[in-house]
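Residues per chain, in single letters:
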Amino acid sequence: MVFITSPNHRTLNLNLNPKTTTLETLKLQIQQTSHIPISQQRLFISQSLQILTQSDSTLLSDLGISPLSTLTLHIPLFGGTQPPAVPKPRLDFLNSKPPANYVAGLGRGATGFTTRSDIGPARAAPDLPDRSATTIGGAAGAAPPGVGRGRGKPEEEEEDDGEEKGYDENQKFDEFEGNDVGLFASAEYDDEDKEADAVWEAIEQRMDSRRKDRREARLKQEIEKYRASNPKITEQFANLKRQLYTVSAEEWDRIPDIGDYSARNKKRKFESFVPVPDTLFEKARQEQEHVTALDPKSRAATGTETPWSQTPVTDLTAVGDGRSTVLSLKLDRLSDSVSGLTVVDPKGYLTDLKSMKITSDAEISDIKKARLLLKSVTQTNPKHPPGWIAAARLEEVAGKIQAARQLIQKGCEECPKSEDVWLEACRLASPDGAKAVIAAGVKSIPNSVKLWMQAAKLEHDDSNKSRVLRKGLEHIPDSVRLWKAVVELANEEDARLLLHRAVECCPLHIELWLALARLETYENARKVLNKAREKLSKEPAIWITAAKLEEANGNTSTVGKIIERGIRALQREGLVIDREAWMKEAEAAERAGSVATCQAIIRNTIGIGVEEEDRKRTWVADAEECKKRGSIETARAIYAHALTVFLTKKSIWLKAAQLEKSHGTRESLDALLRKAVTYRPQAEVLWLMGAKEKWLAGDVPAARAILQEAYAAIPNSEEIWLAAFKLEFENHEPERARMLLAKARERGGTERVWMKSAIVERELGNLDEERKLLAEGLKRFPSFFKLWLMLGQLEERLNHLEKAKEAYDSGLKHCSNSIPLWLSLANLEEKMNGLSKARAVLTMARKKNPQNPELWLAAVRAELRHGNKREADILMAKALQECSNSGILWAASIEMVPRPQRKTKSMDALKKCDHDPHVIAAVAKLFWLDRKVDKARTWLNRAVTLAPDIGDFWALYYKFELQNGTDENQKDVLKRCIAAEPKHGEKWQPISKAVENSHQPTEAILKKAVVALGKEESAAENNRQ
């Protein structure tokens, strides 16, 4: 669509596509629309570019015109040389005054009328001419001049009213144009107007969307301003509610209870008291007195008639008890009657009465209508089985079982070839009559499988069931359902004979063939499967069963050939090999114990339909999915096939090794790793994994030999040097470890080698050698903070605090971003010079390392150690502002607040950092304190799952189980901790890195950490007291 602005300031919209419309076509459409000749058209895109100079065959899109573009149309002025256009004749009679005695439409037989628009709202109708007038003149004479039928008031009066009010109240009013006296009031609303309105609507929406963000922001600001100026009651008193924990029990008791003061304003109702009449007292006296004499009337009747007025019945409960007693006596009498036809159960009688359905009048009416309708159905169309079934079920619902049986019997007579009618008749019949009904049914429809199956169900003995089913097979020999049912009832020998007959009658049913093969011997089963393959050449289950048969008889070498032949044969038959379906068959074979069949299926089908570049990713994903579903052999087979294709892919070797480590044996893992390092000798992680497995198995010489082979393959690998050192060091061979590290240092080892060398000397007690190695290492690697840290700790152990401080200071000059150095220096300053010096060190550390939660936590704990609770709270608030997502800070803040506020604080912490293990452990402690054992166990388990490398959580979890768990829970936590091998933790690291604990196993370190936690909690309790 293109817009054209004409000289009279009107806008023309032309439905054109600029990519397919030329300039000449555009001018022709302008001429047709505005009657302006092409020779006088001057088109402009803007005030500087004129289109007229281009060729008429040029496309509009080449001129820079896009959809919804606006062009300007100018007409040149030639000095009045053009003759003026002849004006069109105007039809003045449309606006002129009608002649006298004029009635609109009178010539074609119409009559005048007056509407509400003619007379105006709430205004009396004008006098109309008399309808009985015989002449037009007579009608005209009866009315004022200018008044006719349908004209309403005279024009002069209308003009006067318009002058007085300034508008005509009978005219329509439009919000945009006002009264419809505009220029286009009488114009029709055509498609062009509709299209123009749509364009303007789109423009309005576009402009509104541009202003939407500012409008929403302004609205949001106004809402916030309103809420700030008009807060809710709950918001106004939120801070006061938080302070209610400070109110003591005595203060609560002193708070007065609010009374009901509204009773003062209630108007008391007028109460009137009336004296009790004497008749009421007399009636009460008569009810309470006991009469022992007989009434003369009763004496006349021999004393057996008691007047009702003298013994009024007022106790209805006694009456009910008496009725129940009488009923129980009747039941006892009936239950003792042996000669009667029926014996009443006194316990179940009342229960049956309660269970009876009381049908209402409305339901009875519905049943009658339905009965009438179904009667009409069965009479008009007696050969329609559903009508008879519905009629019988209606009578069954109504409780008329005999009528239902009669109806369904008529249905069987009318529709003897309907299975459903016979089955319904069998259901409604009595147990004795059901066999007769079903016998008649199978006689009428001998080929009905449903009737024969129902007849077998009615029999209670297996031999009778088998006899009925065999009778049915005589009539329907190709029914697979009957064959299955009769085979299930037979013994193994009879089942084999029956299946031989079944596959002859139903040769295209695979289940019968497979069942026969399972019952036959090995040689006969092979013959059966070959016959089945001839009958069902497109059935994969036959080939898979044949492979399982060979594997079960020890012929594992032929399993792969059978599967391979089967896939080729199926492809020749045109069957599409579905990779996913065959993988499911492989998993089913694994569950059945046919591992070789599973491997053969994977080996021959895993690559079908997979692009070459997607093979690695797809196969690894398939193996992981099989592993999740518990199909370990299938996953192992997928990795084995993938490794035959990708021999040098380290990631696949690692995945396969992890699978063997989790679900295999040590021998299979060792064989896999041996094969892996053969194809990838440069992969350090494979060598190290093999050596570690040998070490864990207790075979230290084998681990040492693997590391020697690894060093021969990768001579300059620092990881292998350090692994060899760790092997010797952990097995109490310090001299070997020292020699290995010396060789590594000679070959230009990195800072880790120097650090390990210093650790060995520290554990051997050679302090001078340790200091010498640290000094040489710091000369080579001055930016490695761990060497500075070890040097400072060495001086601290020797109680050379000044030298330790110098070491820490020197380290911070080279490693100003090392948080452990700052913390060690702060602890040393606190020990030497008190809190003020430590506070200065931590402040300097926070300036150089902003937004570090560990430094903030150290400052808070330093204040707490010296009893400065207020300063600690202020520091914690600042820390949470700067590090709002730090879990360790939130966990510490939960422990700092009083116990009533910890729940609120924990909610705030979980909102900020929901998945942080420190916060989760802190919440678990709260549940532990509240004796919510199950919740505490769940949250502790979540913490160790999120951070298995942090030993503090394992120690907390183990301590919890020691106090609240069973032996199984304790063993489980201990086993999981040993498997996780935690290395970090605020309390774990000092214990695990202590010299006396250097060779301790994880279990011993865990128990020492639990003891340390207990001591810390005891100290905290003493400080609170």
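Worth saying up front: this structure is predicted, and the values here are computed from it rather than measured. (Residues numbered from 1 in each chain as written. Predicted model: local features only at pLDDT ≥ 70, side-chain atom pairs only at ≥ 80, totals over all residues. Heavy atoms only, no water.)

Engineer: Please provide a residue-by-residue account of the overall build of the protein, values included.
Structural biologist: Along its length, the protein carries 52 helices and 6 strands. Evaluated residue by residue, the protein yields a buried proportion of 33% over its 1025 residues. Look at the contacts in the protein between residues 6 or more apart in sequence, and 52% of them connect residues 24 or more apart. Accessible surface, the protein: about 66400 Å² in total, of which carbon and sulfur atoms supply 53%. (Helix = DSSP H or I, 4+ residues; strand = E, 2+ residues; numbered from the N terminus. Buried < 20%, exposed > 50% of the residue type's maximum accessible area, 1.4 Å probe, protein only. Contact = heavy atoms within 4.5 Å. Areas by Shrake-Rupley, 256 points an atom, 1.4 Å probe, with all protein chains shown as cover.)

Engineer: Would you mind going over helix α24 (residues 522-535) in detail, with residue names and values included?
Structural biologist: Between its first and last C-alpha, α24 extends 20 Å over 14 residues, near the 20 Å set by a 1.5 Å rise per residue. Here α24 has its buried residues at Ala525, Val528, Leu529 and Ala532. End-on, the buried residues of α24 take up no more than an arc of 100 degrees, which puts them together on one face. The exposed set on the far side of α24, more than 90 degrees from its buried face, consists of Lys527, Lys531 and Glu534. (Expected span 1.5 Å × (residues − 1). Arc of directions from axis to C-beta.)

Engineer: Describe the nonpolar core, listing the residues and the values that go with them.
Structural biologist: Core analysis: the largest hydrophobic core is formed by 113 residues, its most contacted members being Leu482 and Ile638. Non-local contacts of Leu482, meaning those with residues more than four positions away in its chain, are made with Val449, Trp452, Met453, Leu469, Gly472, Leu473 and Ile476. Within the second largest apolar cluster, 80 residues are counted, among which are Ala826, Leu956, Trp988 and Ile1005. (Core = buried A, V, L, I, M, F, W, Y, C linked by side-chain atoms within 4.5 Å.)

Engineer: Explain the sheet that holds strand β2 (residues 11-14) to me, using residue names and the numbers behind them.
Structural biologist: Judged by pairing direction, the sheet is mixed, and its 4 strands sit side by side in the order β2-β1-β4-β3 without closing on themselves. Two strands lie at the open edges of the sheet, namely β2 and β3 (42-44), each paired on one side alone. Neighbouring strand axes in the sheet, compared pairwise and without regard to direction, differ in orientation by 30 degrees on average. As judged from the 4 bridges shared by strand β1 (residues 2-5) and β2, these two strands associate in the antiparallel manner. Residue pairing for β2: Thr5 is matched across the bridge by Thr11. Helix α1 (residues 23-34) rests against β1, β2, β3 and β4 (70-74) of the sheet, and its axis sits at about 125 degrees to β2. (Pairing = 2+ DSSP bridges. Axes fitted to C-alpha atoms, helices over the stretch in contact; angles between N-to-C directions.)

Engineer: Just give me the short version of helix α41 (residues 819-833), but keep the residues and values in it.
Structural biologist: If you check α41, its first and last C-alpha atoms are 21 Å apart, about what 15 residues at 1.5 Å a residue would give, namely 21 Å. Buried residues belonging to α41 abut α39 (785-797), α40 (801-814), α42 (835-848) and α43 (853-865). One or two steps after α41, the chain reaches Gly834, where phi turns positive at roughly 95 degrees.

Engineer: Tell me what's going on with the packing of aromatic side chains, and back it up with residues and numbers.
Structural biologist: Counted under the stated rule, the structure contains 5 aromatic pairs. Centroid distance Trp928 to Phe960: 5.3 Å. Interplanar angle 90 degrees. Geometry classified as edge-to-face. Separated by 32 residues along the polypeptide, Trp928 in helix α47 (residues 917-929) and Phe960 in helix α49 (residues 951-964) bring together distant segments of the chain. A residue is classified by how much of its surface remains accessible, and Trp928, at 11% relative accessible area, is buried. Between Arg846 and the ring centre of Trp856, over which it is positioned, the NZ or CZ distance is 4.4 Å. (Phe/Tyr/Trp six-rings, centres within 6.5 Å; stacked < 30°, edge-to-face > 60°. Lys NZ or Arg CZ within 6 Å of the ring centre and 35° of its normal.)

Engineer: Just give me the short version of the environment of Ile577, but keep the residues and values in it.
Structural biologist: Mapped onto the secondary structure, Ile577 falls in the loop between α26 (559-572) and α27 (579-591). By relative accessible area, Ile577 is classed as buried at 10%. With 32 residues separating them in the primary sequence, Ile577 and Gly609 have C-alpha atoms 8.8 Å apart. In contact with Ile577, other than residues within four places in its own chain, are Ile567, Leu570, Gln571, Trp582, Thr605 and Ile608.

Engineer: Could you give an account of the pairing of β4, with specific residues and numbers?
Structural biologist: Of the two faces of β4, only one is covered, namely that formed by Leu71 and Leu73; the face formed by Thr70, Thr72 and His74 stays uncovered. Two strands pair when backbone bridges link them, and β1 and β4 are joined in this way by 3 bridges, in the parallel orientation. Bridged to Phe3 within β4 is Thr70. Two strands pair when backbone bridges link them, and β3 and β4 are joined in this way by 3 bridges, in the antiparallel orientation. The residue of β4 that forms the bridge with Leu43 is Leu73.

Engineer: Describe empty space enclosed by the protein, listing the residues and the values that go with them.
Structural biologist: Scanning the model with the defined rule gives 3 cavities of 30 Å³ or more in all. In terms of lining, the largest cavity is formed by Asp670, Leu673, Arg674, Val677, Leu686, Trp687, Gly690 and Ile706. Secondary-structure elements contributing two or more residues to the lining of the largest cavity are α32 (666-679) and α33 (684-696). Per-element accounting of the lining of the largest cavity gives the leading share, 4 residues, to α32. Looking at side-chain class alone, the lining of the largest cavity contains 5 nonpolar, 1 polar and 2 charged residues. For the second largest cavity, the full set of lining residues is Arg738, Leu741, Arg745, Ser757, Val760, Glu761 and Leu773. (1 Å grid on protein atoms, 1.4 Å probe; cavity = no way out; pocket = protein on both sides within 12 Å on 5 of 7 lines; lining within 4 Å. Points joined across faces, edges and corners; volume = space filled by probe spheres on them. Nonpolar A, V, L, I, M, F, W, Y, C, P; charged D, E, K, R; others polar.)

Engineer: How would you sum up the pattern of salt bridges? Please name residues and give values.
Structural biologist: Evaluated as defined, the whole model comprises 36 salt bridges. Its salt-bridge partner being Glu396, residue Arg427 comes within 2.9 Å of it at the nearest N-O pair. Taken together, the positions of Arg427 in helix α17 (residues 419-428) and Glu396 in helix α15 (residues 385-397) put the pair 31 residues apart, joining distant regions of the chain. By relative accessible area, which is 45% here, Arg427 ends up partly exposed. For Glu396, a relative accessible area of 30% gives the class partly exposed. Salt bridges linked by common partners bring Arg393, Glu396, Glu424 and Arg427 together as one network. (Salt bridge = Lys/Arg side-chain N within 4 Å of Asp/Glu carboxyl O.)

Engineer: Which residues make up the packing of helix α30 (residues 632-645) against helix α31 (residues 650-663), and what values do they have?
Structural biologist: The geometry of a pair of packed helices is captured by two quantities: the angle between their axes and the separation between those axes. Put simply, α30 and α31 touch, their axes get as near as 10 Å, and they point 155 degrees apart. By the angle between their axes, α30 is roughly antiparallel relative to α31. Considering how the two elements wind past one another, α30 and α31 form a crossing that is left-handed. Only Ile652, Trp653, Lys655, Ala656, Leu659, Glu660 and His663 of α31 make contact with α30, whose side of the interface consists of Ile632, Ala635, Arg636, Tyr639, Ala642 and Leu643. For the contact of α30 with α31, the residue count by class is 9 nonpolar, 1 polar and 3 charged. (Parallel < 35°, antiparallel > 145°, perpendicular 65-115°, else oblique. Left-handed = near helix turned anticlockwise from the far one by under 90°.)

Engineer: How would you summarise a positive patch on the surface if you had to cite specific residues and measurements?
Structural biologist: Together, Arg206, Arg210, Arg211, Arg214 and Arg218 line one region of the surface with positive charge. Elements supplying a minimum of two residues to the positive patch: α5 (191-210) and α6 (212-229). Relative to the elements of secondary structure, Arg210 occurs in helix α5. Classification of Arg210 by relative accessible area gives exposed; the value is 56%. (Patch = residues over 30% accessible without salt bridge, like charges linked within 9 Å, V, L, I, M, F, W, Y side chains within 5 Å. Lys, Arg positive; Asp, Glu negative; His and termini not counted. Charge placed at Lys NZ, Arg CZ, Asp CG, Glu CD.)

Engineer: Pulling in residues and values, what's your account of the confidence of the model for the protein?
Structural biologist: Taken as a whole, the protein shows an average pLDDT of 77; of its residues, 79% reach a score of 70 or greater. pLDDT under 50 marks residues 122-167. Its contacts with residues more than four places away, or in other chains, come to 42 contacts. (pLDDT = per-residue confidence, 0-100.)

Engineer: Which residues make up unusual backbone geometry, and what are the values?
Structural biologist: Unusually for a residue other than glycine, Arg931 sits at a positive phi of about 65 degrees. As for its position among the elements, Arg931 is in the loop between α47 and α48 (933-946). Given the relative accessible area of 68%, Arg931 is considered exposed. Of note, Glu981 is a non-glycine position whose phi angle comes to about 50 degrees, a positive value. One can find Glu981 in the loop between α50 (967-980) and α51 (988-992). Residue Glu981 is classed as partly exposed on the basis of its relative accessible area, which comes to 32%.

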